[in-house]
Amino acid sequence: MDDAIDRLHRLIDASTRITVVTGAGVSAASGVPTFRGAGGLWRSFRAEDLATPAAFRRDPRLVWEWYDWRRGIIAACEPNAAHRAIAAWSRRPGFTLITQNVDGLHERAGTSNVLRYHGSIWHLRCATDCGQPEWEDRRAPLPALPPLCPSCGGPARPSVVWFGEPIERAVAAAADAASDCDLFLSIGTSSVVYPAAGLLAQARRRGATTVEINPDATPSTSSVDFVIRMPAEEALRGSS
Ligand code: BJW
Ligand code: ZN
């Protein structure tokens, strides 16, 4: 496995345009539960059942209880060695991080050029789209659920991307552009949620060398150039 890590370091040194996609596995060692797999149960709910506009319409308080609970966990977490290594890479010109994570740990590790593909759990927006721009609220727990829009007094929602919702146009366009790169790393994601999962194949079609870092196999495993079958925080420890 040391050979694979050496190979990764050589590739990073030799590449100008590097794009990284991360998922929940990158934050696992920080104590943030993943969505799927062992230990990935979100309070016995499936993400597919709560992270939807229909679930919010049906029971906004239940959905908010889930987010408030997660905000409380994340607030007590610190970035780990994987976040720090990616932050160090981000100081190179030509580097882009596309994260599916809403936890903000990459930003807290000092990463620049972060595309928050699925939004941010620390940002809220009006559920009725009254025109109020999204706002930041880092209180955990929130004093009342659901929190209210400061403009219209209607319910607010987390500014995240739920199933069936589009990726924010500018973010999707920037991620699409970043898939045109020399080296594309997929780290800590199950690669089952689209369109994020499609970025790797797109990068490969455009000629990128592709690498997966994940302790488990994913649907992308068979199509990458090589795999580092390890937890990200171990594979990237001391990497810069
Ligand atoms: C470690 C580790 C360690 C553990 N180190 N690794 C094409 C085909 C099929 C379906 C679709 C398709 N296109 C669209 C769809 C529908 C849908 C979809 O993909 N469904 C699939 C589930 C089948 N996609 C959508 O609906 C998307 N929107 C869309 O397509 O809109 C189209 C549209 C266009 C125009 C108008 C209207 C609509 C939106 C998807 C939004 C996903 N949202 C969530 C919730 C975000 C907010 C929140 O956090 O609550 O995003 S769901 C959830 O899954 C979250 C994650 O970002 C996302 C991905 O999960 P991730 O990060 O990969 O985590 P896990 O838990 O799955 O995996 C963890 C991995 O880590 C595992 O592999 C472990 O092995 C590994 N690991 N420890 C490294 N230490
Ligand atoms: Zn409003």
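All of these numbers come straight from a predicted model, not from anything done at the bench.

Cut-offs used in this document
Residues numbered from 1 in each chain as written. Chains lettered and ligands numbered in written order. Predicted model: local features only at pLDDT ≥ 70, side-chain atom pairs only at ≥ 80, totals over all residues. Heavy atoms only, no water. 1 Å grid on protein atoms, 1.4 Å probe; cavity = no way out; pocket = protein on both sides within 12 Å on 5 of 7 lines; lining within 4 Å. Points joined across faces, edges and corners; volume = space filled by probe spheres on them. Helix = DSSP H or I, 4+ residues; strand = E, 2+ residues; numbered from the N terminus. Nonpolar A, V, L, I, M, F, W, Y, C, P; charged D, E, K, R; others polar. Pairing = 2+ DSSP bridges. Contact = heavy atoms within 4.5 Å. Axes fitted to C-alpha atoms, helices over the stretch in contact; angles between N-to-C directions. Near = heavy atom within 4 Å. Polar contact = N/O pair within 3.5 Å; in protein donor to acceptor, adjacent residues only side chain to side chain. Areas by Shrake-Rupley, 256 points an atom, 1.4 Å probe, with all protein chains shown as cover. Sits in = over half its atoms within 2 Å of the grid points. Phe/Tyr/Trp six-rings, centres within 6.5 Å; stacked < 30°, edge-to-face > 60°. Buried < 20%, exposed > 50% of the residue type's maximum accessible area, 1.4 Å probe, protein only. Lys NZ or Arg CZ within 6 Å of the ring centre and 35° of its normal.

### A closer look at the layout of surface pockets
Step number 1: Its boundaries defined by the atoms lining it, the largest pocket holds a volume of some 1000 Å³.
Step number 2: Residue lining of the largest pocket: 49 residues in total, with A24, T34, F35, R36 and S190 positioned closest to the centre.
Step number 3: Contributing elements (two or more residues each) for the lining of the largest pocket: α2 (25-28), α5 (60-75) and α10 (232-235).
Step number 4: Looking at the lining of the largest pocket, its residues break down into 27 nonpolar, 16 polar and six charged.

### Some details on the sheet that holds strand β4 (residues 119-126)
Step number 1: If you trace the three strands from one edge of the open sheet to the other, you get β5-β4-β6, paired in antiparallel fashion. Among the strands making up the open sheet, the edge pair consists of β5 (135-136) and β6 (156-160).
Step number 2: With five bridges connecting them, β4 and β6 associate as antiparallel partners. Bridge pairing in β6 places G119 opposite V160.
Step number 3: Contacts from α5 reach β4 and β6 within the one sheet, and its direction differs from that of β4 by about 140°.

### Quick word on the site of ligand 1
Step number 1: Around ligand 1, the structure places 33 residues, and the nearest of them are R36, Y67, R70, T189 and S190.
Step number 2: Here S190 contributes a side-chain N or O atom positioned 2.5 Å from an oxygen atom of ligand 1.
Step number 3: Protein contacts shield 75% of the accessible area of ligand 1, which totals 1500 Å² for the unbound molecule.
Step number 4: Judged by its atoms lying within 2 Å of the grid points, ligand 1 is housed in the largest pocket.
Step number 5: Looking at the shell around ligand 1, the elements with two or more residues in it are α2, α5 and α10.
Step number 6: Counting residues per element, the shell around ligand 1 draws most heavily on α5, at three residues.
Step number 7: Of the residues contributing to the shell around ligand 1, the split by class is 18 nonpolar, 10 polar and five charged.

### Considerations on the packing of aromatic side chains
Step number 1: Tallying each qualifying case throughout the model produces four aromatic pairs.
Step number 2: Pairing W66 with Y67 gives two aromatic rings, centres 4.9 Å apart and planes at 80°, and the pair type is edge-to-face.
Step number 3: Take W66: its relative accessible area is 1%, and that puts it in the buried class.
Step number 4: On the basis of relative accessibility, which here comes to 3%, the residue Y67 falls in the buried class.
Step number 5: For the cation-ring pair, R70 lies above W66, with the distance from its terminal atom to the ring centre recorded as 4.5 Å.
Step number 6: Over the ring of W162 we find R157; its NZ or CZ atom is 3.9 Å from the centre of that ring.

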